[in-house]
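Analysis of the macromolecular model
Single-letter residue listing:
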Amino acid sequence: MVHPSLPRYYDLWGTQYCGLEDNAKNRAFRKRIFATDEVGLSESARIFTNSKIVSNRLKNFNSIDSEVLYPPVFQSERFHCESYDPVIVCICRLEDHKRQHLLVDAMRYTKSKAKLVLAGASHSGSYPRKLKLKVLKYCLSNKVKILDRWISEEEKSQLLATCCAAAYLPFDEDSYGYPSLEAQHACKAVLTTNDSGGVPELVTHGVNGLIVDPNPKAIAEAIDQLVTNPQKTRDMGQNGPVRINELDISWDRVIRKLTAA
Amino acid sequence: MKVVLASSFVPFIKGGATAIVEWLEAKLVEHGHQVESVFLPFVERPETMMDQLLSYRMLNMTESCDRLIAFRPPAYLLRHPSKFLWFIHHFRATTICGAHNIAA
Amino acid sequence: MKILVVNNMVPFVRGGAEELADHLVRHLRRAGHDADLMRIPFAWDPADRLYDEMISCLNMELWNVDRVIALKFPAYLIPHPNKTMWLVHQFRQAYDLWDSDYSLIPHSDSGTRLRDAIRAADNECFASVNGFYCISPTVQQRLRQFNQMDCQVLYHPLNDPENFQCQSYGDYIFAGGRINEGKRQHLLVEAMQHVTSDAKLIVAGPPETKRDAERLQRIVKQHNLQDKVQLELGLLPRERIANLATNALACAYIPFDEDSLAYVTMESCEAKKLVLSASDAGGVLGLVNDGETGFVSPPTAEELADRIDRIFTDRAKSIRMGEASYANWRDKDINWKNTIQKLAA
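Criteria and cut-off values
- Residues numbered from 1 in each chain as written.
- Chains lettered and ligands numbered in written order.
- Predicted model: local features only at pLDDT ≥ 70, side-chain atom pairs only at ≥ 80, totals over all residues.
- Helix = DSSP H or I, 4+ residues; strand = E, 2+ residues; numbered from the N terminus.
- Buried ≥ 20, exposed ≤ 12 C-beta atoms within 10 Å, placed from the backbone.
- Contact = placed C-beta atoms within 7 Å.
- Rg over C-alpha atoms; globule rule 2.2 N^0.38 Å.
- Expected span 1.5 Å × (residues − 1).
- Pairing = 2+ DSSP bridges.
- Axes fitted to C-alpha atoms, helices over the stretch in contact; angles between N-to-C directions.
- Nonpolar A, V, L, I, M, F, W, Y, C, P; charged D, E, K, R; others polar.
- Core = buried A, V, L, I, M, F, W, Y, C linked by C-beta atoms within 7 Å.

The helix and strand tally for chain A stands at ten helices and eight strands. Seen along its three principal axes, the alpha-carbon backbone of chain A occupies a region of about 60 × 45 × 30 Å. Each of the 261 residues in chain A was classed as buried or not, and the buried ones make up 43%. Sequence-distant contacts, at least 24 apart, represent 69% of the contacts inside chain A between residues at least 6 apart.

Below, the structure is given as structure tokens:
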């Protein structure tokens, strides 16, 4: 959802402007943004971020040191594990940049009995349609199920409880993302890509998930591996809560840090 | 303690940035704190951005609470002597343009 | 339609306007709208700070909002092309309280400039709105006097009428609401020493101060009214209040010069009870027609005692008046459905 006057401006800014160093108006605007950051950041007694990526950005852009304070999910105890069925779930909004299409494409190449469930609402009507057309076009309807609607928290935890692993392949995100964290609370390995941005802060390849190239064949191989090697998949899933503890992703820590003197 | 959580938002758009505030509010209350959440409007539109920043800067929360926790920019402009920042992301223009152009 | 209700907030303080805003959002949603509440922090001490507060609101930008419903200063200054005012009240320190010297804004040159700045900002805002309502005739009157603006009165409805359906007509008269000197529950208690019928009085509600509680307790003790007066002092559960109202023979509410119809009055009418009020009760009298839907008594203990005796000596008539009270109230069509229709029109 974008303000009507934004796209034109951001196109300009994103493409042309960044090469146009001598546009005084835009340069002035950019300067003001950084002056604003300067005021707000320098006044803050403590600065926390939600990821190393954002902390690094603060360091690079604003020369400001900060501490990573990973955001926990709400009521993580509702996530639990019942079984490791040969199903990969991806529970997040159905949007272009979440790249569920890579998963659908991957299902063309899987050789195992793996099934894929995509679940989530969408802001744009066109993306779910695109995904469904793909499923039809490649005759994947017995392998891929798309639930393009609001998923209740209960339904979400139930999907996570019985899958064997969860996929989350956003493009270049700032943080690990709640879907990854939720899967790990449910003792499920996370399948992601090496261009997902923050997910690797939580997921280590081969330990509590798999990190592969963002192409359908590589993803298909990973899905097959998760389904055909259940012991390894289960082990990786069980490492989820260990990793969460290791990073101390907890409300206790958040409250302690944010209410400290 | 009395805590005010402050963030910018666009009305009717829910997402990670609003959820983190709501969850933190619930958890702080569980821990015995008094909490109020404040969401103020902000749209990153260059033509009016300075005016909007002013509207944040003009609000002084000093007497309202013991601790101000700010989230999305420009909530960090609200005035308070004990301001903590949980920084989730920059203004979009910052990151879209890239670091190499910033020094100017 | 995406409707944003905008109100002020003083962190950690809640009052009637906050309740009103919450219920408004709830009922907008019930009517099928996408509704949300936005609260703008507000502080007014020292007075010069009011400039900052106004500048802040005037510089905010809203989008993704189809309609704003604004309740209070300075939140109503936030610009929007489709704004409906439902004015709870203006910043009275720049208006009637300034005139009567109950204002933090000094009567100096700078104070006068500030007062004028507030009035100018108000006038500009009021001229720009698409719909203009206020919650009481008093607010309407002030707007006419100070801003030469006309607006319609749109009373705030009862929030939970379902809890106030008549159950029975018992052996007591009920006085609910906040307890303080201005609400004058003490006059009712004093009246009970003059009563000759078998009337009982139940006073229930939160005393504003310890003194307000003690005043009532003292009168009961002084006149030995323990058998005739029951005091339930404190913030009672909603069900208890509803129970007391819906099983009473009649209700009493005698505040001094109230702005609005008041929730207590509306609840009494909804519960089919006649309302005993006082001739100087202000807005409350909008629902009390003397001898028909209730009694309008001079504000003295003796006169009130006389009305209470009348209520209890002819119970059948009191019940008929209770039914008339309900009919009169329902005729006014003050309910959330109508309110939402107007505000979202």
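Once the structure has been displayed, the description carries forward.
With that settled, the discussion passes to the overall build of chain C. A count of helices and strands for chain C gives twelve helices and twelve strands. The C-alpha radius of gyration of chain C comes to 22 Å, within 12% of the 20 Å expected for a compact globule of 345 residues. With the principal axes as the frame, chain C shows a C-alpha extent of 65 × 50 × 35 Å. The burial tally for chain C puts 47% of its 345 residues in the buried class.

In an α-helix there are 3.6 residues to a turn, and that puts residues three or four apart on one side. Here helix α5 (residues 126–137) of chain A contains twelve residues, and its C-alpha end-to-end distance of 16 Å stays within 8% of the 16 Å for a straight helix at 1.5 Å per residue. Trailing α5 of chain A by a residue or two, Cys-139 of chain A shows a phi angle of about 50 degrees, which is positive.

Residues and elements named next belong to chain C. Side chains Gly-294 and Val-296 project from strand β12 (residues 294–297) onto one buried face, and the interleaved Phe-295 and Ser-297 project onto a second face that is buried too. Note: strand β11 (residues 274–278) against β12, four bridges, orientation parallel. If you follow Leu-276 over to β12, its bridge partner there is Phe-295.

Right, let's get into the sheet that holds strand β1 (residues 46–49) of chain A. Strand order in the open sheet formed by six strands is β2(A)-β1(A)-β4(B)-β3(B)-β1(B)-β2(B), and the pairing between neighbours is parallel. The open sheet has two edge strands with one neighbour each: β2 (67–68) of chain A together with β2 (34–41) of chain B. Pairing of β1 of chain A with β2 of chain A, which is carried by two bridges, proceeds in the parallel orientation. Along β2 of chain A, the bridge assignment pairs Phe-48 of chain A with Glu-67 of chain A.

It is worth spelling out the sheet that holds strand β3 (residues 87–91) of chain A at this point. Residue and element names in this part refer to chain A. Ordered in space as β5-β4-β3-β6-β7-β8, the six strands form an open sheet in which the pairing is parallel. Edge strands, defined here as strands with exactly one partner in the open sheet, are β5 (144–147) and β8 (209–212). Going across the sheet, the axis of each strand differs from the next one's by a mean of 20 degrees, ignoring polarity. With four bridges joining them, strand β4 (residues 115–119) and β5 adopt parallel strand pairing. Residue pairing for β5: Leu-118 is matched across the bridge by Ile-146.

All names here are of chain C. Relative orientation of the contacting elements helix α9 (residues 263–270) and helix α11 (residues 315–331) amounts to 115 degrees, with a least axis distance of 7 Å. The segment α9 lies against α11, with Met-266, Cys-269 and Glu-270 engaging Ser-325, Tyr-326 and Trp-329. Of the residues in the contact of α9 with α11, the class split is four nonpolar, one polar and one charged.

To continue, consider the nonpolar core. Within the largest apolar cluster, 204 residues are counted, with the highest numbers of intra-cluster contacts made by Ile-88 and Ala-166 of chain A together with Val-6 and Ile-173 of chain C. Broken down by element, the residue count for this core peaks at six residues, all from helix α8 (residues 216–228) of chain A. Ignoring sequence-local partners within four residues, the contact set of Val-6 of chain C consists of Met-38, Ile-40, Val-68, Ala-70, Leu-71, Ala-75, Tyr-76 and Ile-78 of chain C.

For the rest of this paragraph, the subject is the environment of Asp-248 of chain A. If you trace the backbone, Asp-248 of chain A turns up in the loop between α9 (230–246) and α10 (251–258). Along the sequence, Asp-248 of chain A and Pro-72 of chain A sit 176 residues apart, while their C-alpha atoms lie 9.3 Å from each other.

This paragraph deals with the packing of helix α7 (residues 178–185) of chain A against α9 of chain A. All names here are of chain A. Packing of α7 against α9 leaves a shortest axis separation of 7 Å and a crossing angle of 115 degrees. Side by side, α7 and α9 meet where Ala-183, Gln-184 and His-185 of the first sit next to Gly-240, Pro-241, Arg-243 and Ile-244 of the second. Within the contact of α7 with α9, the residues separate by chemical class into three nonpolar, three polar and one charged.

Read these as spatial facts, not as claims about activity.
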